[in-house]
Structures are given as C-alpha cells and as structure tokens.
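Fold and contact review
This is what each chain is made of:
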Amino acid sequence: MQEANLCTALVLGATGLVGRALVAKLKDDQRYRQITCLVRSSAGLKGNNCQEVITDFSRMQEYDSYFQASHIYVCLGTTIKQAGSKAAFRAVDFELVYQAAQLAARQQAMSFVWISSVGADARSRSFYLRTKGELEEAIFAMQGLKRPAQVRPSLLLGERREFRFSERLGTMFAPLYSPLLRGRLAKYRPIAAEKVAEQMIGLQYFG
C-alpha cells in the first residue's frame, strides 16, 4: 500500500489497559502511517510512527484539528471509586467520549470506535451501565458522525498500572467460572485487553 493511501489514527485513553494494547498493535499495523495519542502527561508512547500530544481534556475543543485522523479510537474510562463521585465518573465516561464523537463528526473522520460495557443499557438501575447505555444512544443519534461502533467487553484481563481489588479478584477466579458462561452468557466471560484492541481495529473502516 502506498504511503499516501495509508490511514492515520487518533487514540484517546492510550495509557489505560486497552489503550496500551491498542497502541502497540497500531504501531505494528502496516495500514497506518501515523498514530497520534492525546495524553495528560508523557507516557513513553513515541515511536517512528507515533506521537504524543500533551492534552488538557477540560479544553478538548482546542485539539479539534487532531480529529482529522482517518480513525478515532476512544479508550477513555474510569470507575466511580477512582473518579470520586458519580458526577466525576460521568464527566469522563460520558462527557469526554461524547465530545470526542462531536469532534470526529466535525472533522469528518472516517470512523469512530469506543469502549462501552457488556450490559450497557440506558434504562438500567445500575448508574454505571445506565451511563454507558445513555452514551451509546447519544452517539448513535448524532448527526454527521461516520460509522460509529462500540465494543462491549466484560471484565478486562491484563496487568493494570493501578490496583483494583474487585477486578483482581475477578481475574483470579476467571479460569473457574468462565467455562460455565455459555450461550447467551458467553458475553460475560472475562476478555484480554489485547482481544478488545483487536476488536476495535476490526471495526474501523479501511475503504
């Protein structure tokens, strides 16, 4: 494939569990000539075809030119415990992702893929799942956004930089209960971050 025909990628949330796996795969993907990562602070992601952009996510509108990339990948996400409140959680998992979708639409990116959650439902009693579901509905209803798609992983497997007790516990017991999740329950099986990254790349449009 000629250099002029290669794609560009923009990654938000590149320092998280899935984001790190995604960037590693994108660097090795010969269909991409440039990967740009919007990060809060340098994370050592630079390479021959990868650049970091130190970003103030509270002023993301100022970084709209970076959304001219072919493909937008959004791996942003936190937990209510980490965020400190439901409002702070929603500010990341809904507002930031929705803003990214708006900028992707404005800049006419070819496709937009983000991480949702298994069980996402705008009518869920769970605040977490309701927020994820509301975001899905909002993005799919957005005018001008090309080829939006979401992945809905269950418990993520992989080495996180921060310790999460419930996830560590789930990971320990995953080999015991995963084989029991079959049929319609199979979607609840824990999944490796690398597999989620592969799914995200597979959902992008390469023309």
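Structure: above.
One structure accompanies this document, and this report is about it. (Residues numbered from 1 in each chain as written. Predicted model: local features only at pLDDT ≥ 70, side-chain atom pairs only at ≥ 80, totals over all residues. Heavy atoms only, no water.)

1. Some thoughts on the sheet that holds strand 3 (residues 50-54)
Note: strands within a sheet are paired through backbone hydrogen bonds, in either parallel or antiparallel orientation. Here is the rule we go by: By definition, two strands form a pair when at least two bridges between them are found by DSSP. Starting at the N terminus, helices and strands are each numbered in turn, a helix being any DSSP run of H or I of at least four residues and a strand any DSSP run of E of at least two. Here an axis means a line fitted to C-alpha atoms, over the contact stretch when the element is a helix, while the angle between two N-to-C directions is reported on a 0 to 180 degree scale. Any two residues whose heavy atoms approach within 4.5 Å are treated as being in contact.
Strand order across the open sheet formed by six strands is 3-2-1-4-5-6, with parallel pairing between neighbours. Bordering the open sheet on either side are strand 3 and strand 6 (148-151), each of which pairs with just one other strand. Between one strand axis and the next, the sheet turns by 20° as a mean value, whatever way the strands run. On top of the sheet, helix 3 (residues 86-106) reaches strand 1 (7-12), strand 4 (71-74) and strand 5 (111-115); it is set at about 175° to strand 5, its chief contact.

2. Quick look at the packing of helix 3 against helix 4 (residues 127-140)
As a reminder of what qualifies: Angles are sorted into four bins: roughly parallel if under 35 degrees, roughly antiparallel if over 145, roughly perpendicular if 65 to 115, and oblique for all others. The crossing is said to be left-handed when, going from far helix to near helix, the turn is anticlockwise and less than a right angle, and right-handed when the turn is clockwise. Throughout, the ten residues Ala, Val, Leu, Ile, Met, Phe, Trp, Tyr, Cys and Pro are labelled nonpolar, Asp, Glu, Lys and Arg are labelled charged, and all others, Gly among them, are labelled polar.
Two elements in contact, helix 3 and helix 4, have axes separated by 10 Å at closest approach and are oriented at 15°. With respect to their mutual orientation, helix 3 and helix 4 come out roughly parallel. As for the relative orientation of helix 3 and helix 4, their crossing is right-handed in sense. Mapping the contact onto sequence places Lys86, Phe89, Arg90, Asp93, Phe94, Val97, Tyr98 and Ala101 in helix 3 and Phe127, Tyr128, Thr131, Lys132, Glu134, Leu135, Ala138 and Ile139 in helix 4. Residues that form the contact of helix 3 with helix 4 fall into these classes: 10 nonpolar, one polar and five charged.

3. Things to note about unusual backbone geometry
Put simply, the rule reads: Relative accessible area decides the class of each residue, using a 1.4 Å probe on protein chains only: under 20% of the type maximum gives buried, over 50% gives exposed, and in between gives partly exposed.
For Gln108, which is not glycine, the phi torsion reads 60° and is therefore positive. With respect to the element layout, Gln108 can be found in the loop between helix 3 and strand 5. A relative accessible area of 43% places Gln108 in the partly exposed class. Positive phi is not limited to glycine here, since Arg147 has a value of about 45°. When its relative accessible area of 39% is taken as the criterion, Arg147 is described as partly exposed.

4. Some remarks on the environment of Thr79
The test is simple: Think of a polar contact as two N or O atoms within 3.5 Å of one another; within protein, one of them needs to be a possible hydrogen donor and the other a possible acceptor, and neighboring residues in sequence only count if both atoms come from side chains.
With respect to the helices, strands and loops of the structure, Thr79 is situated in the loop between strand 4 and helix 2 (80-83). Taking the C-alpha atoms as reference points, Thr79 and Val92, separated by 13 residues in sequence, lie 9.4 Å from one another. Of note is the side chain of Thr79, whose polar atom sits 3.0 Å from the backbone nitrogen of Gln82.

5. Details of the pairing of strand 6
Counted only if it meets this: Look down the strands so they point away from you; if going from the first strand over the helix to the second traces a clockwise path, that crossover is right-handed.
A one-sided burial pattern is seen for strand 6, the buried positions being Ala149 and Val151 and the unburied ones Pro148 and Gln150. As for the winding sense of the linkage, the β-α-β connection from strand 5 through helix 4 to strand 6 is right-handed.

6. What to know about the pairing of strand 2 (residues 32-39)
Within a regular beta strand, the side chains point alternately toward one face of the sheet and then the other, so they alternate between its two faces. Most of strand 2 is tucked away, with six of its eight residues classed as buried. Of the strand pairs in this sheet, strand 1 and strand 2 are connected by six bridges, and their pairing is parallel. Bridge pairing in strand 2 places Thr8 opposite Gln34. In terms of handedness, the path from strand 1 via helix 1 (residues 17-28) over to strand 2 forms a crossover that is right-handed. One ladder, built from five bridges, connects strand 2 with strand 3; its direction is parallel. Residue pairing for strand 3: Cys37 is matched across the bridge by Glu52.

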